[in-house]
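Coordinate analysis (summary)
Chain residues, written in single-letter form:
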Amino acid sequence: MLLDFSQIPVEPVPHMRGGAGTVLLQKSVQGPVKVLRGVLPPGASIGMHPHEGNSEVIYPLSGTGK
């Protein structure tokens, strides 16, 4: 699978999963596989949420987090 994120529109998601601020999200869904690219501006967060029956890999490209 080759993804070109320059061709995938950015979707602003306010308070994603109950988090703060707005996450800038790009998403590709191919069958059961979802690949998401999210940009969290300073102060933004994604709320706590469970993963039951699936998993999530987070690969930070820059910045810091907690």
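Below or above, wherever it landed, is the structure these notes cover. Values in this document were obtained by computation on a predicted structure and should not be read as measured data.

Describing unusual backbone geometry
The phi dihedral of histidine 15 falls on the positive side, at around 50 degrees, and the residue is not glycine. The exposure class of histidine 15 is exposed, given its relative accessible area of 52%. Even without being a glycine, arginine 17 presents a positive backbone phi close to 55 degrees. Among the secondary structure elements, arginine 17 is positioned in the loop between β1 (11–14) and β2 (22–30). With a relative accessible area of 55%, arginine 17 lands in the exposed category.

Brief notes about the pairing of β2
Taken together, the 4 bridges between β1 and β2 define a ladder with antiparallel strand orientation. Bridge pairing in β2 places proline 12 opposite leucine 24. By the bridge criterion, 7 bridges tie β2 to strand β3 (residues 33–39) in an arrangement that is antiparallel. Paired with glutamine 26 across the strands is arginine 37, a residue of β3. Hairpin connection from β2 to β3: 2 residues lie between these consecutive antiparallel strands, with glycine 31 at a positive phi of about 65 degrees.

Digging into the sheet that holds β3
Strand order across the open sheet formed by 3 strands is β1-β2-β3, with antiparallel pairing between neighbours. Two strands bound the open sheet, and with one partner strand each, they are β1 and β3. Between one strand axis and the next, the sheet turns through 40 degrees on average, direction left out of account.

Quick look at the environment of glycine 19
In this fold, glycine 19 is placed in the loop between β1 and β2. Look at glycine 19 and you get buried, because its relative accessible area is 8%. Along the primary structure glycine 19 and proline 32 are separated by 13 residues, whereas in three dimensions their C-alpha atoms are 25 Å apart.

A closer look at a nonpolar patch on the surface
Residues Val10, Leu24 and Val39 make up a contiguous nonpolar surface patch of about 220 Å² in total accessible area. Mapped onto the elements, leucine 24 comes out in strand β2.

Quick word on the environment of valine 35
Along the chain, valine 35 turns up in strand β3. Sequence spacing of valine 35 and methionine 48 is 13 residues, and the spatial spacing of their C-alpha atoms is 19 Å. Among all residues touching valine 35, those that are not within four sequence positions of it are Met1, Leu3, Phe5, Gln26, Lys27 and Ser28.

Conventions used here
Residues numbered from 1 in each chain as written. Predicted model: local features only at pLDDT ≥ 70, side-chain atom pairs only at ≥ 80, totals over all residues. Heavy atoms only, no water. Buried < 20%, exposed > 50% of the residue type's maximum accessible area, 1.4 Å probe, protein only. Helix = DSSP H or I, 4+ residues; strand = E, 2+ residues; numbered from the N terminus. Pairing = 2+ DSSP bridges. Axes fitted to C-alpha atoms, helices over the stretch in contact; angles between N-to-C directions. Patch = residues over 30% accessible without salt bridge, like charges linked within 9 Å, V, L, I, M, F, W, Y side chains within 5 Å. Areas by Shrake-Rupley, 256 points an atom, 1.4 Å probe, with all protein chains shown as cover. Salt bridge = Lys/Arg side-chain N within 4 Å of Asp/Glu carboxyl O. Contact = heavy atoms within 4.5 Å.

Purely geometric stuff here, so don't read any function into it on its own.
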